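# Structural features, examined
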Amino acid sequence: MADLSTMRTPAIEALVTASPASHLAALTALPPRTRFSFRGRPAAVTAFGTVLGFDLPQVACRFAEDGARRALWLGPDEWLVTLPDREATAFAGAAATALAGLPSSLVDVSQRSLALAVSGPMAARIINAGCPLDLSPDAFPVGMCTRTLLGKAEIVLSRTDEARFEIDVWRSFADYVWRLLEEARREFV
Amino acid sequence: MLIIACPYCGPRPELEFRYGGEAHVARPVDPSTLSDEDWGAFLYQRANPRGLHAERWRHVHGCGRFFNALRDTTTDFFAATYETGTPRPAGTPADGETSR
Amino acid sequence: MATDQGKTSNMNALGIVSDALGKPVTEIGLTTFRQPYTPTTFGIFAGHSRADLFDPVRRTPIHGWAEANGAVFEDVALWKRAHYFPQAGEDMHAAVDRECLAVRRSVGIFDASTLGKIEVVGPDAAEFLNRMYVNPWSKLAPGRLRYGIMLREDGFVTDDGVVGRMADDRFHVTTTTGGAPRVLQMMEDYLQTEWPDLDVWLTSTTEQWAVIAVQGPNARKVLEPLVEGIDLSAAAMPHMSVKEGRICGVPTRLFRVSFTGELGFEVNVPADHGRAVWEAIVAAGAPFGITPYGTETMHVLRAEKGYIIVGQETDGTATPDDVGLAWAVGKAKNDFVGKRSLARASMADPMRKQLVGLLTHDPKTVLEEGAQIVVDPAAPVPMPMVGHVTSSYHSAVLGRSIALAVVKGGRARMGETLHVPMPGGTIAVTVTDPVFYDPKGERLDG
């Protein structure tokens, strides 16, 4: 009987390969990553930070990171934590131990979403084609993250660099989000 | 496009929010003790004032939190927003009065 | 006033008023001007929302396989769902008949990935579900499933779905495809604004899991060789239970649950692996003639068993008792959303519209969904109407048509003849129990 655990069917492969390059506004699909949705009371929040290796951010709409681990504040008691797949099992086990008896919720949502990167000097302009937020560096600085809308899809938007944003989107909306960003990007390709 | 001040995230475009009806309408602690009439009032009767209205909003495409707001129903002007479970801000006009 | 904001209609209206009053247009005055003040193209309003970008088109991880295997799709909310899988020369009716018989006689496979899923986690998870659903949850053991019904505060059914208890403090809740955002919103509303002290949190997992339903007397034989760490024998895995393990090396939550009335399982795997696992099950099922089936067959099979679909048998004004689900309501529960409304006198009125089955006197006649039902077709118009047809199909296994309907005082009318007036003539029907096939439910054990 076959072991299919390494066979993954990506949601937007055909679109990605057909996408023309541009240095002004690049659109790339990011590799799979492990995602956890973590929610809990203060005691659990502290314990979780110990397992993660750094404190969960307590400032609204900010993410913290250490190496390849990142924790995004999505709400006053809600964080999206991303880490490399190879660390997932050990992390989940350590977290379960540390959180035992502390009211909290840890849910694996790794495959619920895809991640895209929009980069280049026109990156903010491209995203603004579907997102009404002020994406100037003052209003949306590096290190900021938020759930928001892109057209008719809900996304998690983060700014990882002056000219680079990451978008996390539920897999069935990824096709629409990719096409919307591609249409906005067309002026610069 | 209205800009609404989420108490957690700050000012955001109205597209990220969903209206949640009149605020401060607490669910009765023991509904079984209410008459049909009083239960019906809880379900359906709302103040619907012209002027300042204490109402709920949810930042559904943002932090996901419910919060309260004082909005003038004649001008759409938001006089205040405040967290769920906190009292209506002091010093603001009463429901039905205008905010300016 | 629509998108012209009166610019075109305004001038025409002024002309008409001018004629009527015998005054020149300039003396009549103007209506209030609103934006746009200058001519604006439709394109500006539409923006990017045109053609492929008008709405997101949501597809499941298994969509590509269905497309490659000839599926005809239907729209369910923003999703594309396989409606039926016609083989050469088949129209929809032939395909659906074949798919239905294949499931009842051997085994079928169905993509249920669009179902809403919510992970409810925390020490107060059971208490929270007790308050949100009509059912009791505290004594549901980990590893067991229960069919949950959710009401609004006004006492009417708003959603339903099977709920699995994975651990003392963790539930895998399912909702209807279209109801997922509404249910999650309602749950968050109560949790944040009424019961913020409850230690429980909600996470949407609709897209985390691909769901593959395997239904039919041979379902267990197809899955047994593929699973590891799961004993899915009848003794170890009774109907309405859930186990965790692996299928083809992929982690799975395996539900033993049936929406068809046959022995059935629903295989939940992380979404990236959905297609590969689907293909493995199809390959393993080949010796049994495993048949992919679509939403039309799914609808027929559940109707044969009298299982309701929220939004089809219910319309926002149905109580649990109206649709035969009073048994699900927890008798000892002090309070839950909608309970107080159920105590209103009108909710116990025996003349409320109640779920029944209808068998047309001519078995070849298939009623139209939505058709009105009357007692006396000779009564003068406007006739009093006593109900309407909610679901209607040709049943291949019974060799005749079946229908579900809601009829005033329906349960007291068993065996009565009623009438469905249609433009082409009036159709006589007999009121029956809504369970048409295997009324004792013996086929659930295969």
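Cut-offs applied
Residues numbered from 1 in each chain as written. Chains lettered and ligands numbered in written order. Predicted model: local features only at pLDDT ≥ 70, side-chain atom pairs only at ≥ 80, totals over all residues. Heavy atoms only, no water. Axes fitted to C-alpha atoms, helices over the stretch in contact; angles between N-to-C directions. Helix = DSSP H or I, 4+ residues; strand = E, 2+ residues; numbered from the N terminus. Parallel < 35°, antiparallel > 145°, perpendicular 65-115°, else oblique. Left-handed = near helix turned anticlockwise from the far one by under 90°. Contact = heavy atoms within 4.5 Å. Nonpolar A, V, L, I, M, F, W, Y, C, P; charged D, E, K, R; others polar. UniProt positions renumbered as here; feature names shortened; annotations may be inferred. Buried < 20%, exposed > 50% of the residue type's maximum accessible area, 1.4 Å probe, protein only. Pairing = 2+ DSSP bridges. Buried area = accessible area lost by both parts, 1.4 Å probe. Salt bridge = Lys/Arg side-chain N within 4 Å of Asp/Glu carboxyl O. Polar contact = N/O pair within 3.5 Å; in protein donor to acceptor, adjacent residues only side chain to side chain.

## Remarks on the packing of helix α5 (residues 125-132) of chain C against helix α6 (residues 180-193) of chain C
Residues and elements named next belong to chain C. Closest axis-to-axis distance for the α5/α6 pair is 11 Å, and the angle between their directions is 110°. As the angle between them shows, α5 and α6 are arranged roughly perpendicular. Considering only the axes of α5 and α6, their crossing is right-handed. Listed contacts from α6 to F128, L129 and M132 of α5 are M186, M187, Y190 and L191. Counted by class, the contact of α5 with α6 contains seven nonpolar, no polar and no charged residues.

## Considerations on the UniProt feature "binding site: substrate" (unreviewed entry) in chain C
Residues and elements named next belong to chain C. Here the UniProt feature "binding site: substrate" (unreviewed entry) sits at E266. Structurally, E266 is set in strand β13 (residues 264-270). Residue E266 is classed as buried on the basis of its relative accessible area of 16%. In contact with E266, not counting residues within four places along its chain, are V211, I212, A213, R253, L254, F255 and V257.

## Describing the sheet that holds strand β10 (residues 227-228) of chain C
All names here are of chain C. As summarised here, the arrangement of the seven strands in space is β10-β11-β12-β13-β9-β3-β14, forming an open sheet in which the pairing is mixed. The sheet is open, and its two borders are formed by β10 and β14 (291-292), each paired with just one other strand. Here strand β9 (residues 209-215) runs beside β13; their pairing, made up of seven bridges, is antiparallel. If you follow I212 over to β13, its bridge partner there is V267. On top of the sheet, helix α8 (residues 274-285) reaches β3 (108-111), β9, β11 (241-247), β12 (250-256), β13 and β14; it is set at about 15° to β9, its chief contact.

## Brief notes about the interface of chain A and chain C
At the junction of the two partners, chain A supplies 34 residues and chain C supplies 45 residues. Roughly 3400 Å² of surface becomes buried between chain A and chain C when both sides are summed, with 55% attributable to carbon and sulfur atoms. For the pair chain A and chain C, the interface holds six salt bridges. Between C:D52 and A:R179 there is a salt bridge; the shortest N-O distance is 3.6 Å. The tally of links between chain A and chain C comes to 20 residue pairs in polar contact (both at pLDDT 80 or more). For the side of chain A that touches chain C, the elements supplying multiple residues, two or more each, are β2 (34-40), β6 (104-108) and α5 (171-185) of chain A. Ranked by residues supplied to the side of chain A that touches chain C, first place goes to α5(A) with eight residues. Of the residues that constitute the side of chain A that touches chain C, the class distribution is 13 nonpolar, nine polar and 12 charged.

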